[in-house]
Amino acid sequence: MLAVYAHETGLISSVWRRKEVTKKIVQFAASNEIRNNSLPIRCPNATTLQLLYDHSLELERAVMATKNKTQQKLNFDIGWEKALEKQVFCNYDPEEIVKREEWKTFFEESF
């Protein structure tokens, strides 16, 4: 995602292949001890999450037909809450990442 964003915003020329760029990004992050939990993330807003919840529950009910609908919804809600806590619907925010000085320098010097 970061490589694509960097390319789309002109930080990387089109002569670079995504695989090469990704490798350089991973190496840079590792060599600078940049941890995943230190990168800015972007999560869906409440409206999007509600739509996702509603559609997911609807599919759950369609695929996993059960007599105990109450227990099924309870299990679904428990899984949903765990997913929210783990931020599984969130992604790194490439726009914010490339604003950081170390990443600006990396892209300027590497590509």
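If you're wondering where the values come from, they're calculated on a predicted model, not measured in any experiment.

Asker: Which parts of the structure should I look at to understand the state of the cysteines?
Answerer: Any covalent bond linking the sulfur atoms of two cysteines counts as a disulfide. Under the defined criterion, the tally for this structure stands at one disulfide. Note that cysteine 43 is cross-linked by a disulfide to cysteine 90, the S-S spacing being 1.9 Å. Linking cysteine 43 and cysteine 90, the disulfide has an S-S dihedral of approximately 110° and is accordingly described as right-handed. Note that cysteine 43 is positioned in the loop between β1 (41–42) and α3 (46–63) and cysteine 90 in the loop between α4 (69–85) and β2 (91–92), a separation of 47 residues in sequence. Owing to a relative accessible area of 16%, cysteine 90 belongs among the buried residues under this scheme.

Asker: What's the story with the nonpolar core in this structure? I'm lost.
Answerer: Nonpolar side chains tend to gather and get buried jointly when the protein is soluble and globular. By size, the foremost hydrophobic cluster in this structure holds 16 residues, and its most contacted members are Leu2, Ile25, Trp103, Phe106 and Phe107. Those elements that place two or more of their residues in this core are α1 (2–8), α2 (18–31) and α6 (101–110). By residue number, the principal contributor to this core is α2, which donates four residues. Apart from residues lying up to four places away in sequence, isoleucine 25 is in contact with Leu2, Ala3, Trp103, Phe106 and Phe107. With five residues, the next largest nonpolar core counts Leu49, Tyr53, Phe76 and Trp80 among its residues.

Asker: For this particular structure, what's the right way to read the layout of surface pockets?
Answerer: One water molecule sets the probe size; rolling that probe over the atoms shows where empty space is left. In this structure, the largest pocket encloses a volume near 270 Å³. Leu2, Ile25, Val26, Leu39 and Tyr92 are the residues nearest the centre of the largest pocket, which is lined by 16 residues in total. Mapped onto the lining of the largest pocket, the elements with two or more residues apiece are α1, α2 and α5 (94–97). With five residues, α2 is the largest single contributor of residues to the lining of the largest pocket.

Asker: Could you clarify how one ought to interpret the packing of aromatic side chains in this entry?
Answerer: What describes a pair of aromatic rings is the distance from one ring centre to the other and the angle between the planes of the rings. Inspection of the entire model under this criterion finds 12 aromatic pairs. With 5.3 Å between their ring centres and 65° between their planes, tyrosine 53 and phenylalanine 76 make a pair best called edge-to-face. Taken together, the residues tyrosine 53 in helix α3 and phenylalanine 76 in helix α4 connect sequence positions 23 residues apart. Ring pairing ties together the aromatic residues Trp16, Phe28, Trp103, Phe106, Phe107 and Phe111, which thus form one cluster.

Each value, and the rule that gives it
- By convention here, each chain's residues receive numbers from 1 onward along its written sequence.
- Under the rules for a predicted model, residues below a pLDDT of 70 receive no local features and side-chain atom pairs below 80 are neither given nor counted, while totals for whole chains, interfaces and linings still include all residues.
- Side-chain metrics rest on all non-hydrogen atoms present in the structure, leaving aside hydrogens and water.
- Disulfide assignment relies on a single distance test, namely cysteine sulfur atoms paired within 2.5 Å.
- Think of it this way: any DSSP run of H or I at least four residues long counts as a helix, any run of E at least two long counts as a strand, and we number them from the N terminus.
- Whether a residue is buried, partly exposed or exposed follows from its accessible area with a 1.4 Å probe, protein chains only, as a fraction of its type maximum: under 20%, in between, or over 50%, in that order.
- Grouping buried Ala, Val, Leu, Ile, Met, Phe, Trp, Tyr and Cys residues that are joined through side-chain atoms within 4.5 Å yields what is termed a nonpolar core.
- In this description, contact between two residues means that some pair of their heavy atoms is separated by no more than 4.5 Å.
- Method remark: on a 1 Å grid restricted to protein atoms, a set of points is classed as a cavity if a 1.4 Å probe fits but cannot get out and as a pocket if it is open with protein on both sides within 12 Å along at least five of seven lines; lining residues have an atom within 4 Å of a point.
- Grid points are joined across faces, edges and corners, and a volume is the space filled by probe spheres set on the points.
- The rule is short: rings of Phe, Tyr and Trp, with Trp giving its six-membered ring, pair when the centres are within 6.5 Å, and they are stacked under 30 degrees, edge-to-face over 60, tilted in between.

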